[in-house]
Amino acid sequence: QSSPTFVGFFVSGRMGRFGIVMKKVSLLLVFISSLYGQAPDTLFTRTFGDVGNDIAFEVHSTNDGGSVLAGRINSSNDGINRGYVVKTDLNGDEEWSQIYDDGGITELYSIKQTLDNGYICVGLSYSLDESGHLFLLKLNSFGEIEWNQIHGENVDYLEYGRDIIQTNDGGYAISGIKYFDQNLDESKIWVLKTDSLGNALWEYTFGNGNFNFGSSIISLDNGELVVAGSKTVMDSNGGWGECGIVLKIGQEGNEIWNQIYCSDSLDIYSIRFQDHKITSDDGYIMTGYVVDEFYTKQILLLKTDSNGEEIWRHSYGNSGNDQGYSLEKTQDNGYIITGYISNPSPDLYIFKLDSLGTQEWEIILGGDSTDSLNDKGYSIDKTSNNEYVIGGYTSNYGNGGIDFWLVKIGSEILSIDQTPIPYNFVLHQNYPNPFNPVTTLRYDLPEDAMVNITIYDMVGRQVNTLDRSQQTAGFKSIRWNATNDKGFPVSAGLYLYTIEAGQYRQTKKMVLLK
């Protein structure tokens, strides 16, 4: 049973980008329900934006312990949406923010930190003559534009990117949507692969009529891509319903397989996937929503094997209009989801599930149950110390209208015998990078293994063997002080660092400055 465990005042007020904005003092209600486990603390909440309708569509945890949020801002007198990015420090305080205007409507739906510690964004650029195209934006570490690209071929229709990742070759992969009629009644899932400068290398589309939507994209170690979204299907009565879909795509844009997931009955009921991740057994986990036979919308979690064959599915929520938007894997091989739950108006919702989908705890953030204002979580990301940041929007708090909302919750509270174990072998980007003279290399070891960590120069000569030892599973790190095997300082330049653990091998680049 949920009950308010913390009640406080949320106060905001500052000099806005468009002038002085009024302070708003609101009562922040945090409802925590511990079903089978203890919910983590809510560490802070922060709002950003001005007096218009400003929405954060994605949050990404950054290498320096802070966060970056991307979305749209609508605070000027012309009522036009513009791209908006906010960078915060570890405590959620703003370090910088930038507005991006491509001459019309601009919205940024996804942001990721790149290998050079800059950022890549994707979204929509909608010109005032009503043609909308995919907008690709590369920023440096301060949010300044390095380059941008527009992709799309249908002059009068709508095309945009929904999610973006950086791939092993330094380029980018994007999932999105292409409409093929002016009434926006027919669309295809769109996957676009680019080089490191945003130039198109290949594209793939899926769907042959009605509505098809590409939501999220992940990259596998072998360079293949997995995309989740939805497609329309005809039910037994000749009406249209919606089914979830997962597609696996090869390195050259060829489809390897697709799997479609529908409700138990196809009669009008719908499933849509909003986000997905790879699981510890190389399967996939998807969240989104399902519309059941009573026409109520519930949060969906669906688990598959590595070929997309369904293993189980569960639905959550009972308000009649609940939706999951984003999920992360947890230290104990479970899952944490954010979205919203109607209470009776939407409140930001965070809840934890074990590895089989049994709910353990929930956190509801929003106003009291009598208001008609909305608060939603659109994105969740895990930090390097296993805390979580949630991005979305709030109507109850901030500077008026709708504001970016950043929420941070603590790490999971594990029992004594629950030692956190990673899901997969991962070699993270060193931090800081560039560096002088010390940097930290982090890696995730999901099982006991003999580990070799070696530094090479750009011609392949071995510089330093940092570690060669048998190690137990866990989250690991090691420092390099820019010296060689003999302890002498090395010259400035580009270096490679490689980890070998069992059958796993991965290499990344780093830059030493002097």
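For the structure, check the block above.
I will try to describe carefully the structure that is included in this document. (Residues numbered from 1 in each chain as written. Predicted model: local features only at pLDDT ≥ 70, side-chain atom pairs only at ≥ 80, totals over all residues. Heavy atoms only, no water.)

Looking only at helices and strands, one finds zero helices and 39 strands in the protein. Out of the 514 residues belonging to the protein, those deemed buried represent 58%. In the protein, of all internal contacts separated by at least 6 residues, the share reaching a separation of at least 24 is 51%. (Helix = DSSP H or I, 4+ residues; strand = E, 2+ residues; numbered from the N terminus. Buried < 20%, exposed > 50% of the residue type's maximum accessible area, 1.4 Å probe, protein only. Contact = heavy atoms within 4.5 Å.)

The next thing to look at is the pairing of strand β23 (residues 284–291). When you tally the buried positions in β23, you get eight out of eight residues, the bulk of the element. When strand β22 (residues 270–278) meets β23, the two strands line up antiparallel, connected through eight bridges. Across the sheet, arginine 272 pairs through a bridge with tyrosine 289, a residue of β23. Joining the antiparallel neighbours β22 and β23 is a turn of five residues, in which aspartate 282 adopts a positive phi near 70°. (Pairing = 2+ DSSP bridges.)

Right, let's talk about the packing of aromatic side chains for a bit. Counted by the stated rule, this structure contains 19 aromatic pairs. Note on tyrosine 349 and phenylalanine 351: the rings are 4.9 Å apart at their centroids and 25° apart in plane angle, and the pair reads as stacked. For tyrosine 349, a relative accessible area of 2% gives the class buried. On the basis of relative accessibility, which here comes to 1%, the residue phenylalanine 351 falls in the buried class. Through pairs of rings, three or more aromatic residues link up here, namely Phe57, Tyr109, Tyr160, Tyr325, Tyr340, Tyr378 and Tyr393. (Phe/Tyr/Trp six-rings, centres within 6.5 Å; stacked < 30°, edge-to-face > 60°.)

Moving on: the nonpolar core. Ranked by size, the top nonpolar core spans 23 residues in total, and within it Leu441, Ile453, Ile455, Trp480, Tyr495 and Met510 carry the most contacts. At the level of secondary structure, the elements contributing two or more residues to this core comprise β34 (439–445), β35 (449–457), β36 (462–471), β37 (474–480), β38 (493–501) and β39 (504–512). Setting aside residues up to four positions removed in sequence, tryptophan 480 forms contacts with Phe435, Pro437, Val438, Thr439, Ile455, Val463, Asn464, Leu466, Val490, Tyr495 and Met510. Leu158, Tyr160, Tyr340 and Ile402 belong to the second-largest nonpolar core, a separate cluster that totals 15 residues. (Core = buried A, V, L, I, M, F, W, Y, C linked by side-chain atoms within 4.5 Å.)

Such coordinate-based values are descriptive only and should not be taken to indicate function.
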